[in-house]
Amino acid sequence: MAEERGLTVEAIISALSEVYDPEYPISIVDLGLIRGVEIDGGVVRVKLTFTSLGCPCTELICDDIRARLSRIGGVKRVEIEEVFDRWDASAISRKGREVLRNLGVI
């Protein structure tokens, strides 16, 4: 995992924190969907899982990720690898749980 021209994993994760799930007002980071980030020569690779195999929003989420990351200087290409790690509510961050609790979801 290389850090190229000021691109850092932390900067990518921060940008991904601005990408929200289409169904709930919670970021895909706080929802626990990001399973890894790698940077190689301006190519950003994001490992992404979904809350379910039949998630109807997969393309929308991937499009939003590409759109957000492409606005970062030095990013030449965004590659998304969909990984099918088992997702459950334990992946949700404390902040995400608070948002969902306030909405009455959990």
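Our structure is the block above this text.
In what follows, the accompanying structure is described. (Residues numbered from 1 in each chain as written. Predicted model: local features only at pLDDT ≥ 70, side-chain atom pairs only at ≥ 80, totals over all residues. Heavy atoms only, no water.)

**Quick notes on the nonpolar core**
Quick reminder of the rule: Here, nonpolar core refers to any group of buried Ala, Val, Leu, Ile, Met, Phe, Trp, Tyr and Cys residues whose side-chain atoms link them within 4.5 Å. Buried, partly exposed and exposed residues are distinguished by accessible area as a fraction of the type maximum, computed with a 1.4 Å probe on protein chains only: under 20%, between the cut-offs, and over 50%, respectively. For the purposes of this entry, the term helix denotes a DSSP run of H or I that reaches at least four residues, the term strand denotes a run of E that reaches at least two, and both are numbered from the N terminus.
Counting residues in hydrophobic clusters, the biggest one holds 30 residues, and the most contacted among them are Ile12, Leu16, Ile28, Val44, Leu48, Ile65 and Leu69. Secondary-structure elements contributing two or more residues to this core are α1 (9–16), β1 (34–40), β2 (43–48), α2 (58–69) and β3 (77–82).

**Thoughts on the pairing of β3**
Keep this limit in mind: At least two DSSP bridges between two strands are required for those strands to pair. Note on handedness: a crossover is taken as right-handed if, strands pointing away from the viewer, the path from the first strand over the helix to the second is clockwise.
The sheet contact formed by β2 and β3 spans six bridges and is parallel. For Val43, the partnering residue across the bridge sits in β3 and is Arg77. At this point the chain moves from β2, through α2, to the parallel β3, and the crossover so formed is right-handed.

**Remarks on the sheet that holds β3**
Heads up, the condition is: Here, axes are lines fitted to C-alpha atoms. For helices the fit covers the stretch in contact, and angles between N-to-C directions go from 0 to 180 degrees. Throughout, a residue-residue contact means that at least one pair of heavy atoms, one from each residue, lies within 4.5 Å.
The strand order across the open sheet formed by three strands is β1-β2-β3, and the pairing between neighbours is mixed. The open sheet has two edge strands, β1 and β3, and neither has a second partner. For this sheet, the mean angle separating the axes of adjacent strands, direction not counted, is 15 degrees. Here β1 runs beside β2; their pairing, made up of six bridges, is antiparallel. Looking across to β2, one finds that Glu38 is bridged to Arg45. Together, β1 and β2 form the strand contacts of α1, whose direction differs from that of β1 by roughly 130 degrees. The strands touched by α2 within the sheet are β2 and β3, with β3 carrying the most contacts at an inclination of about 150 degrees.

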